[in-house]
Amino acid sequence: MRPWVKCLVGVLSAVPLLYFFVFFLFLMSMFMRMPNTRQNEIPNGFILIFLSQFLVMGLMFLLLAFYSIWLVKASNLSVDAKVLWGLAIYLAAPIAMPVLFGLHIRKAPAGPYF
């Protein structure tokens, strides 16, 4: 894998986990400010967080496809490890993707794919 692709995948793998904390902080701050808004008024940052939620969901689907293809083509992992990482990615993607990147993809030698 080319070095710039590894760097891009590493950064993009961390985005969903970081977004989780940003989203949580935004919701808590929005609920704290809720008594100051009118009844039928949409809070100020709601549209922004709504759009960013869709962007992160799209990114997660792209990362899921990338990691699935990488697991199928990875020659440095046993079949059991591939199955275990596949389950981890599908069940706990925001946590498993950065861990898989740090443990295996970052250290993998340059290959013909991606």
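Since this is a predicted model, take the numbers as computed values, not measurements.

Draft legend 1. The arrangement of the packing of aromatic side chains in detail. Summed over the entire model, instances satisfying the criterion amount to 5 aromatic pairs. When the centroid spacing of 5.4 Å and the interplanar angle of 75 degrees are considered together, the rings of Phe20 and Phe21 count as edge-to-face. A relative accessible area of 48% means that Phe21 is categorised as partly exposed. Within the aromatic cluster, the residues linked to one another by ring pairs are Phe46, Phe50 and Phe54.

Draft legend 2. Molecular detail of the nonpolar core. Membership of the largest hydrophobic core comes to 26 residues, with the highest contact counts inside it found for Tyr67, Trp70, Leu71, Ile89, Met97, Leu100 and Ile105. At the level of elements, α1 (3-33), α2 (46-73), α3 (79-91) and α4 (93-105) are the ones that each hand at least two residues to this core. The element that contributes the greatest number of residues to this core is α2, accounting for 10 residues.

Draft legend 3. Layout of the environment of Ala93. Structurally, Ala93 is set in helix α4. Looking at Ala93, the relative accessible area reads 11%, which means it is buried. Taking the C-alpha atoms as reference, Ala93 lies 8.7 Å from Pro16; in sequence the two are 77 residues apart. Beyond its immediate chain neighbours, meaning those up to four positions away, Ala93 contacts Met60, Ala88 and Pro98.

Draft legend 4. Inspection of the packing of α1 against α4 at higher detail. For the pair α1 and α4, interaxial distance at closest approach is 7 Å and the crossing angle is 155 degrees. Taken together, the axis directions place α1 and α4 in an arrangement best described as roughly antiparallel. In this structure, the crossing between α1 and α4 has a hand that is left-handed. Here Lys6, Val9, Gly10, Ser13, Ala14, Pro16 and Leu17 of α1 come into contact with α4, specifically with Pro94, Ile95, Met97, Pro98, Phe101 and Ile105. Residues that form the contact of α1 with α4 fall into these classes: 10 nonpolar, 2 polar and 1 charged.

Draft legend 5. Quick peek at a nonpolar patch on the surface. Together, Ile42, Phe46, Ile47, Phe50, Leu51, Phe54, Met57 and Phe61 make up a nonpolar patch on the protein surface, roughly 810 Å² of accessible area in all. Within the fold, Met57 resides in helix α2. The exposure class assigned to Met57 is partly exposed, which follows from its relative accessible area of 37%.

Draft legend 6. Region of the structure containing the confidence of the model for the chain. Looking at the chain as a whole, the pLDDT averages 87, with 90% of positions reaching at least 70. Confidence scores differ between elements of the chain, with α1 showing the lowest mean pLDDT of 90 and α3 the highest of 95.

Each value, and the rule that gives it
Along each chain, the written sequence defines residue order, and numbers are assigned to residues from 1. For a predicted model such as this one, the threshold for reporting local features is a pLDDT of at least 70, and the threshold for listing and counting side-chain atom pairs is 80 or more; totals across whole chains, interfaces and linings nevertheless cover every residue. Heavy atoms from the whole structure form the basis of all side-chain values; hydrogens and water molecules are not counted. Aromatic pairing here means that ring centres of Phe, Tyr or Trp (its six-membered ring) are within 6.5 Å. Orientation follows from the plane angle: under 30 degrees is stacked, over 60 is edge-to-face, and everything else is tilted. Note on exposure labels: buried denotes an accessible area under 20% of the residue type's maximum, exposed denotes more than 50%, and partly exposed covers the range between, all computed with a 1.4 Å probe on protein chains only. Among the buried residues, those of types Ala, Val, Leu, Ile, Met, Phe, Trp, Tyr and Cys that are joined through side-chain atoms within 4.5 Å form a nonpolar core. Helix and strand definitions follow DSSP, with helices as H or I runs of at least four residues and strands as E runs of at least two, each counted in order from the N terminus. Two residues form a contact once any of their heavy atoms are found within 4.5 Å. Here the axes come from fitting lines to C-alpha atoms, over the contacting stretch only for helices, and the angles between their N-to-C directions go from 0 to 180 degrees. Just so you know how the angles are binned, under 35 degrees is roughly parallel, over 145 roughly antiparallel, 65 to 115 roughly perpendicular, and the rest oblique. The hand of a helix crossing depends on one turn: near helix anticlockwise from the far one by less than a right angle means left-handed, and clockwise means right-handed. Ten residue types, Ala, Val, Leu, Ile, Met, Phe, Trp, Tyr, Cys and Pro, are classed as nonpolar, four, Asp, Glu, Lys and Arg, as charged, and the remainder, Gly among them, as polar. Without a salt bridge and with relative accessible area above 30%, a residue can belong to a patch; like charges are then joined within 9 Å and nonpolar side chains (Val, Leu, Ile, Met, Phe, Trp, Tyr) within 5 Å. Computed with a 1.4 Å probe, the accessible areas rest on the Shrake-Rupley method; for each residue, only the protein chains presented here act as cover. Just to be clear on terms, a salt bridge is a Lys or Arg side-chain nitrogen sitting within 4 Å of an Asp or Glu carboxyl oxygen. pLDDT is defined as a per-residue confidence score from the predictor, taking values between 0 and 100.

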